[in-house]
Amino acid sequence: MNILRRAMTVLGMLCLSCLTASVVQAGEPDPSLQGDKVCTRCHDETESRPVLAIYKTAHGVKADSRTPGCQSCHGPSEAHVTNPKGSSTRPPVDVDFNPRGGTAPEILAQTCITCHQNGQRTHWDGSEHQHNGLVCTSCHEIHTHGDRVLNKVSQPEVCFTCHTAQHAQFHRQSTHPVVAGEMGCSDCHNPHGSVGPHLMLKNSVNETCYTCHADRRGPFLWEHTPVTEDCTNCHTPHGSNNGPLLKARTPWLCQECHTSDHSGPMNSGANLPNGNATTIGGLLPLGNQAPRSQMNGRNCLSCHALVHGSNHPAGARFSK
């Protein structure tokens, strides 16, 4: 029995040597199953982090000539395969995607971009995520069947790992239905880079918002300047305790710009309807002061309902 075991061990070592030699002699990665066998001989279903599930993904469809192999991403890794010094801990692979592996982020990103260089990945170089040292595997899971970041329901949890402030905002009273699983972060943002601000999917914030809110696009006969400039002048897209996603309640939001409309600024303890008024000259007793129009119903939108723009000939004040 011992002789048989030794013979099998020697045979296995010979087979491994042959496979290794074929990899080294070729000088190029072997994407075939034969090339993968060099790795999967050890990295099998007994791994603490199983890797064989990659054959259930697009990266494992060997019938497609574009499909990579283990060596395509990790390199031939001759020292890792042969372990020439016989160390109990093998040398790392040539391209190690482990965060503590020591491979430069530029090399890790380039390994993926070699194939994934078109479409939404065009602007990766110089993007915010690339500038902060992130690589593809910081968000993507390659050796699993069902990458979480590609699923609209689980994608936000991946983003919230870093974007904790936005995570909190999505639990406010008024939000986009991201936590509910009806939207994903990538519906508005392109994490691989963008020519627009804040990694927006389109060239500007407004263009991105108009993807869903087409009724706000216009063009209108009467346009509201803050609306045409940037939707975030009034709205906070990730979540607000003021509906609908407003940065502040009306009329106070409107009075950030409209400081002199309807007889003056917002009311305070010293400046109430039918009471004393505070002016640049001090406190003036104006007992007959009329109630301010914007406080009727405490909402400017009660009259100015078409605040995003109006096509009515008499809609200059966005009331029609």
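Look above for the structure.
Residues numbered from 1 in each chain as written. Predicted model: local features only at pLDDT ≥ 70, side-chain atom pairs only at ≥ 80, totals over all residues. Heavy atoms only, no water.

K.L.:
Pulling in residues and values, what's your account of the overall build of the protein chain?
P.N.:
Looking only at helices and strands, the protein chain features 10 helices and two strands. Beginning at the N terminus, the succession of helices and strands in the protein chain can be written as α-α-α-α-α-α-α-α-α-α-β-β. For the protein chain, the proportion of its 320 residues judged to be buried stands at 28%. Expressed as a percentage of contacts within the protein chain between residues at least 6 apart in sequence, the contacts between residues at least 24 apart total 46%. (Helix = DSSP H or I, 4+ residues; strand = E, 2+ residues; numbered from the N terminus. Buried < 20%, exposed > 50% of the residue type's maximum accessible area, 1.4 Å probe, protein only. Contact = heavy atoms within 4.5 Å.)

K.L.:
Give me the lowdown on helix α2 (residues 33-40), citing residues and values where you can.
P.N.:
Buried within α2 we find Gly35, Asp36 and Val38. Taken end-on, α2 shows its buried residues confined to a sector of 140°, consistent with a single buried face. (Arc of directions from axis to C-beta.)

K.L.:
I'd like a rundown of the packing of aromatic side chains, residues and numbers included.
P.N.:
One pass over the full model with this rule turns up one aromatic pair. Both rings, one in Phe160 and one in Phe170, keep their centres 5.9 Å apart while their planes meet at 45°; by these two values the pair is tilted. One end of the pair, Phe160, is in helix α7 (residues 155-160); the other, Phe170, is in the loop between α8 (164-169) and α9 (205-210), and 10 residues separate them in sequence. (Phe/Tyr/Trp six-rings, centres within 6.5 Å; stacked < 30°, edge-to-face > 60°.)

K.L.:
Give me the pattern of salt bridges: which residues, what numbers.
P.N.:
Per the stated rule, a full pass over the model turns up five salt bridges. Residues Lys62 and Asp36 are paired through a salt bridge, measuring 2.9 Å at the closest nitrogen-oxygen approach. Linking Lys62 in the loop between α2 and α3 (70-74) with Asp36 in helix α2, this pair joins segments that are 26 residues apart in sequence. Residue Asp64 pairs with Arg66 through a salt bridge whose shortest N-O separation is 2.9 Å. (Salt bridge = Lys/Arg side-chain N within 4 Å of Asp/Glu carboxyl O.)

K.L.:
Pulling in residues and values, what's your account of the nonpolar core?
P.N.:
With five residues, the main nonpolar core is built from Val95, Phe97, Leu108, Cys112 and Val135. With residues up to four places along the chain from it excluded, the contact list for Val95 reads Cys73, His74, Thr103, Ile107, Leu108 and Thr111. (Core = buried A, V, L, I, M, F, W, Y, C linked by side-chain atoms within 4.5 Å.)

K.L.:
How would you sum up unusual backbone geometry? Please name residues and give values.
P.N.:
Between Gly218 and the following residue, Pro219, the backbone shows a cis peptide bond with an omega angle of 5°. Mapping Pro219 onto the fold places it in the loop between α9 and α10 (225-229). The residue Ser77 is not glycine, and still its phi comes out positive at about 55°. Phi at Leu245 takes a positive value of approximately 55°, unusual for a residue other than glycine.

K.L.:
Outline the environment of Asp230, supporting the account with residue identities and numerical values.
P.N.:
Tracing the backbone through its elements, the reader meets Asp230 in the loop between α10 and β1 (277-279). For the pair Asp230 and Ser204, spaced 26 residues apart in sequence, the C-alpha separation works out to 8.3 Å. Residues in contact with Asp230, not counting those within four places in the same chain, are Val205 and Asn206. In this structure the side chain of Asp230 is engaged in a polar contact, spanning 2.6 Å, whose partner is the side chain of Thr232. (Polar contact = N/O pair within 3.5 Å; in protein donor to acceptor, adjacent residues only side chain to side chain.)

K.L.:
Let's hear about the side chain of Thr103: which residues, and what values?
P.N.:
With respect to the element layout, Thr103 can be found in the loop between α4 (78-82) and α5 (105-113). A distance of 3.0 Å separates a polar atom in the side chain of Thr103 from the backbone nitrogen of Asp96. What Thr103 contacts, discounting residues up to four positions off in sequence, is Asp94, Val95, Asp96 and Leu108.

The quantities given are spatial measurements derived from coordinates; they are silent on function.
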